[in-house]
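# Notes for the structure review
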Amino acid sequence: MPESTSTRRITIDPITRLEGHGKIDIFLDDEGQVERAWFQVPELRGFEKFAQGRPAEDMPQITSRICGVCPTAHHMAATRALDNLYKVTPPPAGRKIRELVYSTFMTEDHALHFYFLGGPDFVVGPTAPPAERNVLGVIAKVGIDVGKKVISMRRRLRELTSLAAGKAGHPVFGLPGGVAKRLTAADQVRFQTVAADAVEFAQFTLEVFENVVLKNSDYVNLILADFFTHRTHYMGLVDDHNQVNFYDGSLRVVSPEGAETVKFAPEKYLDYIAEHVEPWSYMKFCYLKSPGWKGFTDGVESGVYSVAPMARLNVADRMATPLAQQAYEKYIATLGKPVHHTLANHWARVIELLYAAERMKELADDPEIIDPNVRTIPTAVPTEGVGVVEAPRGTLIHHYQTDERGLITKANLIVATQNNAARIAMSVEKAAKGVLSGKQVTEGLLNMVEMAFRAYDPCLGCATHSLPGSMPLEVRVRNRNGETLSILRRS
Amino acid sequence: MKPKVAFYWCASCGGCEEAVVDLAESILDVVAAVDIVLWPVALDFKKADVEAMEDGSIAAAFINGAIRTTEQEEWAHLLRRKAQTVIAFGACAQMGGIPGLANFSNRAGVFQTVYQESPSTVNAEGVLPETTHRDNGHTVTLPGFFDTVQALHQVIDVDYYIPGCPPTPQLLADAVTALLAGKLPEKGTVLAPDQALCLDCPRKDTKPERLAISEFKRPHQILIDQDKCLLTQGLLCLGPATRSGCGARCIEGNMCCTGCFGPTSRVRDYGGKVLSAIASAADSNDEDQILSILAGIPDPAGTFYRYSLPVSELQRKRL
Amino acid sequence: MSEAVFEPRIVAFFCNWCTYLAADLAGTSRMKYPPNARVIRVMCSGRLDPQFMLKAFADGADGVLIGGCHPGDCHYQEGNYKCLRRFHLLKWVVKEMGIEDDRFRLEWISASEGDRLRTVMIDMVEKVRAIGPLHWNAPVEEVAVS
């Protein structure tokens, strides 16, 4: 079918203030109504392929390069997969150090998203000039002192991750059965000090959110707007008391009405989750095997589901720490449960920020954290292992099969944002229709369309670790120096 | 007028962007001194904004990430036109990085793994992404995916390199300072110390003059002593052949150097050099015993070329 | 017109004190063997940096041969043992890269073993001829996704 001559096309390229590459193509008819909007992810690298042949113990450091914003998430999922692979359990201090570092990382990453990535849309304004709509604009708005506080908090959290795990950018400490390095009493004091400040900082961030967003009726209307709302299933890790836990637990799914549909051990993920392919994106789309893939639609009969902060707060019955629980109760009282308003992810994220900080403090205060015994040496012959954590951006599953020497024969990765991929595509299209149809298209309105994905805090490098592949159209002949000698194209 | 600076990411993980943010308080000084005109992770400038700029109007473009797709190659060429100085930022831009490990395979191989063998992918119709897709009168496109990953200098002319996975904020700060002062060294220089990590390692006093390894160990097999040279413990630390400048962060984390800073200026093929250092340390003159000792290295090619396969002499596996 | 026969290009690294002298001896004794090797003389097989062999393959060699002193006879005591260790690890790596076993060899050939040199050269050339050209640096067809 020839391209419609009355169709106008607007491309947002690249999308910004997220991790990864993406573009949005919007098609309007001659009445200015949005016919269709596509959210495409044009990148991928192939981790599941080049993991093959690698020693399994290298996977925490190799897979962390799936994402440099959430490397600790991959590092931790991989490390937990190694525990499962070698049938080994870390000693208590080993487990606690891992969860302490993980809580530190969650605090830092959620804060990064609020102040650097998604937050500017609210603090500076969704249609503010692009040159201001960023962390620098946030600092200009909230003042240099607050700005320095944010920068300093992030730096201190990352210094702690470096202290315990070698580097904050691509940590090194994960091993099957424990962690590479113990913490000393002096290290513990540093963690305790920063954790206490982190809890305060999280509360401060919640106040910023309340003052800047919740007290602004325009923003509240935006959050509640139908074109930023989808009714899907939700999934997340919960502990034995159905509280949000980022490090360990069972995967719980609730329906759009909020009822638990299933709760399963992460190793069983293949029974419940599958991936769907579309020809217009390199990112695959996760869905629930029951009810199955019904297309990009809402509702209980559709297999589309969502993960990450708003989903986790829908899935949980309560928060595990007191201040976060208070904040949670207020959130539910305001929005009801389950919450379907995608932009509420920003609020849920700040509540999780508070939980992460409180959890960090709990673990830092634990006397066992400085126990020198942090490793159990594995003895089993490895075959297969699954590790799951809640990354900042959603459920993250690492699944490895190895030979008897522990070299990877097969790796399967379901990466956070993939769980949200279908809903993100739906959100972008619905927002485009709601925001642009029949209106004069401005740069600011296009940014509002981008806000539809930004709420999910997507990590598209994560989501496209792998390549589906296709048929050749263009052939380039290159010599070994990389110089293109000729290009042939099939018409 | 403040000089214009651009940051862009190719086949990247975003860790180099985080390294910029890790400038922490110093980022305010940077922002005061330069005008950041492109930085997709944090700022809303789009491709069209860059295309509209005059050629050569950007003082420096810091490009991280390897070249994996046609879109990334296009962006590399675009920024080369618009920038006076191009700096390959991080291991992927410098050497191909971790994504370069895909050069042990090719597009078809990756396809098969993800599409046919992935246990969670349901795709009975064999649907594949297309570079051009038509639906109801609309046409959308995706970039092409090359068989071979390349480093930045293999597609455009590169002026300087900042190594690391990720680079340290200090190296970046030093580079920006030198750039603004007009004091960058000879073109092609890697902006980091030009000596091996062993010389700066906190454990160097425990490294013997003559390394003799009778058995290689994998890190999960032993309790790792926090003070002794990791090589003397039989672990595969690549410090002897890896450029310094990272602060030995991994060693401080009680794990081995994996070579992310690449080689010093006196080495062309990092993997070849580091395997030479490691092999030389095998403590035997008996061939059978040598073979037995070396067999303790489970994945030689993947270990020695972890970050540098695309820029090695052989560049990729012949399939 | 007969078909062109593939003549393997072998790069040979010979140590000064043993294998290089063996080559001289073969020459002065007028031993016939195929002329496919480009010989590079090094003072000791222990001088050989794996980068040399990798570059040889990358730049077009179909085969790489290393010739050194027998174990125990190294002019510098231990150089050939270092070579032995590096050779084996390098061999595994180049195999992983797709370079067949017969293309990369290490032989101990002493100064008096002109005849052994001849035998090794004949054998290697034939084995590499049978595998075919390597042409590592040939232009590569890069297919982009459609």
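Chains are numbered independently. Their residues run from 1 in the order of the written sequence. Lettering of chains starts at A and numbering of ligands starts at 1, both following the order in which they are written. Only residues with pLDDT of at least 70 are given local features in this predicted model, and only at 80 or more are side-chain atom pairs given and counted; all residues enter the totals for whole chains, interfaces and linings.

## Considerations on the overall build of chain C
Secondary structure assignment for chain C yields four helices and five strands. The way it works is that DSSP assigns letters per residue, a run of H or I at least four long becomes a helix, a run of E at least two long becomes a strand, and they are numbered from the N terminus. Its helices and strands taken in sequence order, chain C reads β-α-β-α-β-α-β-α-β from the N to the C terminus. Atoms considered for the radius of gyration are the C-alpha atoms alone. The globule rule reads 2.2 Å times the number of residues to the power 0.38. Expected size for 146 residues packed as a compact globule is a radius of gyration near 15 Å; at 16 Å, chain C falls within 12% of this value. Along the first, second and third principal axes, the C-alpha atoms of chain C reach 60 × 40 × 20 Å. Contacts in chain C between residues at least 24 apart in sequence constitute 83% of all its contacts with a sequence separation of at least 6. Any residue pair is listed as a contact if its two C-beta atoms, each placed from the backbone, are within 7 Å.

## Regarding the domain arrangement of chain B
Annotation comment: domain bounds sourced from an automatic or database domain assignment. Once the domains are mapped, chain B shows domain 1 (4–98 + 147–181), domain 2 (105–145) and domain 3 (197–311). Between the C-alpha centres of domain 2 of chain B and domain 3 of chain B there is a distance of 39 Å.

## So, the sheet that holds strand 3 (residues 63–68) of chain C
Residues and elements named next belong to chain C. An order of 2-1-3-4 is seen for the four strands of this open sheet, with the pairing classed as parallel. Each edge of the open sheet is held by one strand with a lone partner, namely strand 2 (37–42) and strand 4 (104–108). Along the sheet, successive strands turn relative to each other by an average axial angle of 20°, direction set aside. Two strands are counted as paired when DSSP detects at least two bridges linking them. In terms of strand pairing, strand 3 meets strand 4 through five bridges, oriented parallel. Residue pairing in the sheet places Gly67 in a bridge with Glu107 of strand 4. Where helix 1 (residues 19–28) meets the sheet, it contacts strand 1 (10–15), strand 2 and strand 3, and its direction lies at approximately 110° from that of strand 1. Under this scheme, a helix contributes an axis fitted over its contacting stretch, all axes are lines through C-alpha atoms, and angles between N-to-C directions fall in the 0 to 180 degree range.

## Side note on helix 8 (residues 185–214) of chain A
The end-to-end C-alpha distance of helix 8 of chain A, which contains 30 residues, comes to 42 Å, matching closely the 44 Å that a straight helix rising 1.5 Å per residue would cover. Field definition: a residue is buried when 20 or more other C-beta atoms are found within 10 Å of its C-beta, exposed when 12 or fewer are, and partly exposed for counts in between, with C-beta atoms placed from the backbone. Taken as a whole, helix 8 of chain A has its buried residues at Phe191, Val194, Ala195, Ala198, Val199, Phe201, Ala202, Thr205, Leu206, Val208, Phe209 and Val213 of chain A. By this rule, a helix spans an expected 1.5 Å times one less than how many residues it contains.

## Details of the packing of helix 7 (residues 144–165) of chain A against helix 8 of chain A
Relative orientation and spacing of two packed helices are given, respectively, by the angle between their axes and the distance between those axes. Residues and elements named next belong to chain A. Closest axis-to-axis distance for the helix 7/helix 8 pair is 10 Å, and the angle between their directions is 150°. When the axis of helix 7 is compared with that of helix 8, the two are roughly antiparallel. The two elements helix 7 and helix 8 cross, and the hand of that crossing is left-handed. Between helix 7 and helix 8, the residues in contact are Met153, Arg156, Leu157, Leu160 and Leu163 and Asp187, Arg190, Phe191, Val194, Asp197, Ala198 and Phe201, respectively. Under the grouping applied here, Gly and all other residues not named as nonpolar or charged are polar, the nonpolar ones being Ala, Val, Leu, Ile, Met, Phe, Trp, Tyr, Cys and Pro and the charged ones Asp, Glu, Lys and Arg. Grouping the constituent residues of the contact of helix 7 with helix 8 by class yields eight nonpolar, no polar and four charged. Relative orientations are named as follows: roughly parallel for angles under 35 degrees, roughly antiparallel for angles over 145 degrees, roughly perpendicular for angles from 65 to 115 degrees, and oblique for any other angle. Definitions for this section: a left-handed crossing has its near helix turned counterclockwise from the far helix by less than a right angle. A right-handed crossing has that turn clockwise.

## Some remarks on the environment of Arg231 of chain A
All names here are of chain A. Mapped onto the fold, Arg231 is located in the loop between helix 9 (217–224) and strand 6 (233–238). Sequence-wise, Arg231 and His341 are 110 residues apart; in three dimensions their C-alpha atoms are separated by 8.4 Å. The residues contacting Arg231, other than those within four sequence positions of it, are Pro256, Asp298, Gly299 and His340.

## A look at the pairing of strand 1 of chain C
All names here are of chain C. In terms of burial, strand 1 is a largely internal element, six of the six residues being buried. As judged from the five bridges shared by strand 1 and strand 3, these two strands associate in the parallel manner. Across the sheet, Phe13 pairs through a bridge with Ile66, a residue of strand 3. In this sheet, strand 2 lies alongside strand 1 in parallel orientation, the contact comprising six bridges. Within strand 2, the residue paired with Cys15 across the bridge is Val42. Considered for its hand, the β-α-β crossover made up of strand 1, helix 1 and strand 2 is right-handed. We call a crossover right-handed when, viewed with the strands running away from us, the connection from the first strand over the helix to the second turns clockwise.

## Considerations on the interface of chain C and chain B
Size of an interface, as often reported, equals the accessible area lost when the parts are brought together. Taken together, the 28 residues of chain C in the interface contact 33 residues of chain B. Where the side of chain C that touches chain B is concerned, the elements lending two or more residues are helix 2 (50–58), helix 3 (79–96) and strand 5 (140–145) of chain C. Of the residues forming the side of chain C that touches chain B, the biggest block, eleven residues, is contributed by helix 3 of chain C. Of the residues belonging to the side of chain C that touches chain B, the class tally is 17 nonpolar, four polar and seven charged.

## Observations concerning the interface of chain B and chain A
The interface of chain B with chain A comprises 83 residues on the first partner and 89 residues on the second. When residues of the side of chain B that touches chain A are traced back to their parent elements, those giving at least two are helix 1 (15–21), strand 4 (67–69), helix 6 (107–117), strand 7 (138–141), strand 8 (145–150) and helix 8 (249–252) of chain B. For the side of chain B that touches chain A, the class distribution of residues is 39 nonpolar, 28 polar and 16 charged.

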